[in-house]
Amino acid sequence: MSKEQVLKIIQKYTREIAPELEDSPLEPTDSLKNLGIDSVNRAEIIMMVMEDLSLNIPRIELAGAKNIGELADLFAAKL
C-alpha cells in the first residue's frame, strides 16, 4: 500500500470524526491539531487507521508526526 493510499484512509477517518471538514481539502501538510481536532479525537483517528491497516503501533512512535503527511509516512513504513 502506498503513502497516498494511507493518506486517503487518514483523510476518510478525519472527516468521519470531524464532519465539519467534509468539504475541506485535507492536505498532507495539515496538522490534525490545527484542523481543530482535539487529542481524544486524534487518538480515535489513529486507532481507526491502525485497525483499518491491521497494524498495532505504540502511540509514542506516532507522536513525532507534525502533520497528516508525516503520519501517513509512519504508517506506510510499518506496512
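Before reading further, recall that the structure is shown in the block above.
Our subject in this report is the structure included herewith.

What follows covers the nonpolar core. Core analysis: the largest hydrophobic core is formed by 24 residues, its most contacted members being Val6, Ile10, Val49, Leu53, Leu62, Leu71 and Phe75. Counting residues per element, the ones that place at least two in this core are helix H1 (3-17), helix H2 (39-53) and helix H4 (68-78). For this core, the element with the most residues is H2, which contributes 6 residues. Among residues more than four places away in sequence, those in contact with Leu62 are Ile46, Met50, Ile57, Leu71, Leu74 and Phe75.

Our next topic: the packing of H1 against H4. H4 packs onto H1 with a crossing angle of 120° between their chain directions and a minimal axis gap of 9 Å. Between H1 and H4, the crossing angle belongs to the class labelled oblique. Crossing handedness for the pair H1 and H4: right-handed. For the pair formed by H1 and H4, the contact residues are Lys3, Val6, Leu7, Ile10 and Gln11 on the first element and Ile68, Gly69, Leu71, Ala72, Asp73, Phe75 and Ala76 on the second.

This brings us to the side chain of Asp30. By secondary structure assignment, the location of Asp30 is in the loop between H1 and H2. Buried charged residue Asp30 carries no salt bridge. Nearest counter-charge: Arg15, at 7.7 Å. Within the local environment of Asp30, its side chain forms a polar contact with the backbone nitrogen of Glu27, the two atoms lying 2.7 Å apart. Other than its neighbours up to four places away in sequence, Asp30 contacts Pro25, Leu35, Asn67 and Ile68.

One pass over the full model with this rule turns up 3 salt bridges. For Lys12, the salt bridge is made with Asp52, and the minimal N-O distance between the two is 3.7 Å. On the criterion of sequence distance, the pair formed by Lys12 in helix H1 and Asp52 in helix H2 is long-range, its members being 40 residues apart. Residue classification places Lys12 among the partly exposed residues on the basis of a relative accessible area of 44%. Here Lys78 and Glu61 are joined by a salt bridge, their closest N and O atoms 2.8 Å apart. Linking Lys78 in helix H4 with Glu61 in helix H3 (residues 59-62), this pair joins segments that are 17 residues apart in sequence. Residue Lys78 is classed as partly exposed on the basis of its relative accessible area of 44%. Take Glu61: its relative accessible area is 37%, and that puts it in the partly exposed class.

Cut-offs applied
- Residues numbered from 1 in each chain as written.
- Predicted model: local features only at pLDDT ≥ 70, side-chain atom pairs only at ≥ 80, totals over all residues.
- Heavy atoms only, no water.
- Core = buried A, V, L, I, M, F, W, Y, C linked by side-chain atoms within 4.5 Å.
- Buried < 20%, exposed > 50% of the residue type's maximum accessible area, 1.4 Å probe, protein only.
- Helix = DSSP H or I, 4+ residues; strand = E, 2+ residues; numbered from the N terminus.
- Contact = heavy atoms within 4.5 Å.
- Axes fitted to C-alpha atoms, helices over the stretch in contact; angles between N-to-C directions.
- Parallel < 35°, antiparallel > 145°, perpendicular 65-115°, else oblique.
- Left-handed = near helix turned anticlockwise from the far one by under 90°.
- Lys, Arg positive; Asp, Glu negative; His and termini not counted.
- Salt bridge = Lys/Arg side-chain N within 4 Å of Asp/Glu carboxyl O.
- Polar contact = N/O pair within 3.5 Å; in protein donor to acceptor, adjacent residues only side chain to side chain.

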